[in-house]
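Given next are the chains, with one letter for each unit.
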Amino acid sequence: MTSCSGINEYEQVHENIVRLDSCSYEMEYKVISNKNENIYKIKVTANTKDGYMVEFLEPENMKRIVTRYNEDEAEQENTTIKDKITIVDTERFDYNVLMLSNFKKIYMQQDKVEINKLKSGNLNVNLFVPNGNYYFNKQEIIFDVKDKQPIQMNIYNEDNQKTIEGKIYNVLLEKDI
């Protein structure tokens with residue numbers, strides 16, 4: 001016998017997306033251009049009331065850079081020399097494609113969203129980026145089949161070519177932080 005009251009895997013992915021505005025994670029991502037590929041590693045901490053913070057972990061020459069985003073501004077700090085700059089143009093940060101919290105924001109604005117099962121058993125969600133540009137047109141998040149946590153984020157251009165490929169690690173949702 002099966003129970004109809006249990007949460008299915010699609011609902012579990014949805015519930016985890018809804019909680020992405022209060023989480024922390026690490027991401028190793030590759031920016032792909034027609035000339036080269038650059039790899040970065042960041043740590044992101046998102047909080048519904050404080051915005052989010054991005055700390056570069058790699059490459060070594062960027063390791064000292066920390067950026068804090070909130071509703072009104074972005075502040076970037078070079079922690080080595082204690083220098084800060086503030087940018088007050090929030091529209092530029094509304095849909096930062098590397099932030100899971102912003103993926104949630106776009107997801108919640110959709111009338112209809114499909115959660116698809118991949119051959120691997122993992123699940124994915126694809127969304128078009130509002131006010132995106134040629135290079136940042138579509139965003140895909142892949143969720144692990146076992147725990148329904150995000151494990152990969154890909155960004156595609158208007159020609160459906162991958163421009164950013166990211167692997168997501170150490171996801172902690174608000175209840176786990």
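Below: a short report on this structure. A quick note: this is a predicted structure, and the numbers were derived from the prediction, not measured. (Residues numbered from 1 in each chain as written. Predicted model: local features only at pLDDT ≥ 70, side-chain atom pairs only at ≥ 80, totals over all residues. Heavy atoms only, no water.)

### Things to note about helix 1 (residues 9-18)
If you check which residues of helix 1 are buried, you get Val13, Asn16 and Ile17. Taken down its axis, helix 1 places every buried residue within 100 degrees of arc, on the same side. Summarising the contacts, the buried residues of helix 1 are in contact with helix 2 (100-108), strand 7 (115-117), strand 8 (123-128), strand 9 (138-143) and strand 11 (162-173). Residue Asn8 occupies the N-cap position of helix 1, its side-chain oxygen lying 2.9 Å from the main-chain nitrogen of Tyr10. (Buried < 20%, exposed > 50% of the residue type's maximum accessible area, 1.4 Å probe, protein only. Helix = DSSP H or I, 4+ residues; strand = E, 2+ residues; numbered from the N terminus. Arc of directions from axis to C-beta. Contact = heavy atoms within 4.5 Å. Polar contact = N/O pair within 3.5 Å; in protein donor to acceptor, adjacent residues only side chain to side chain.)

### Side note on the nonpolar core
Counting 37 residues, the largest nonpolar core has Tyr25 and Val125 as its most contacted members. Residues contacting Val125, with those up to four places away along its chain left out, are Val13, Ile17, Phe103, Tyr107, Val113, Glu114, Ile115, Gln139, Glu140, Ile141 and Phe143. (Core = buried A, V, L, I, M, F, W, Y, C linked by side-chain atoms within 4.5 Å.)

### Some words on the pattern of salt bridges
As enumerated under the stated definition, the model contains nine salt bridges in all. Measuring nitrogen to oxygen at the nearest pair gives 2.6 Å for the salt bridge that ties Lys117 to Glu9. Linking Lys117 in strand 7 with Glu9 in helix 1, this pair joins segments that are 108 residues apart in sequence. The class for Lys117 is partly exposed, based on a relative accessible area of 44%. Through salt bridges with shared partners, a single network forms among Lys30, Glu37, Lys162 and Glu165. (Salt bridge = Lys/Arg side-chain N within 4 Å of Asp/Glu carboxyl O.)

### Topic: the environment of Ile168
For Ile168, the location among the structural elements is in strand 11. Ile168 gets classed as buried once you look at its relative accessible area, which sits at 6%. When near neighbours in sequence (up to four residues on either side) are disregarded, Ile168 contacts Tyr25, Glu26, Met27, Leu100, Pro150, Ile151, Gln152 and Met153.

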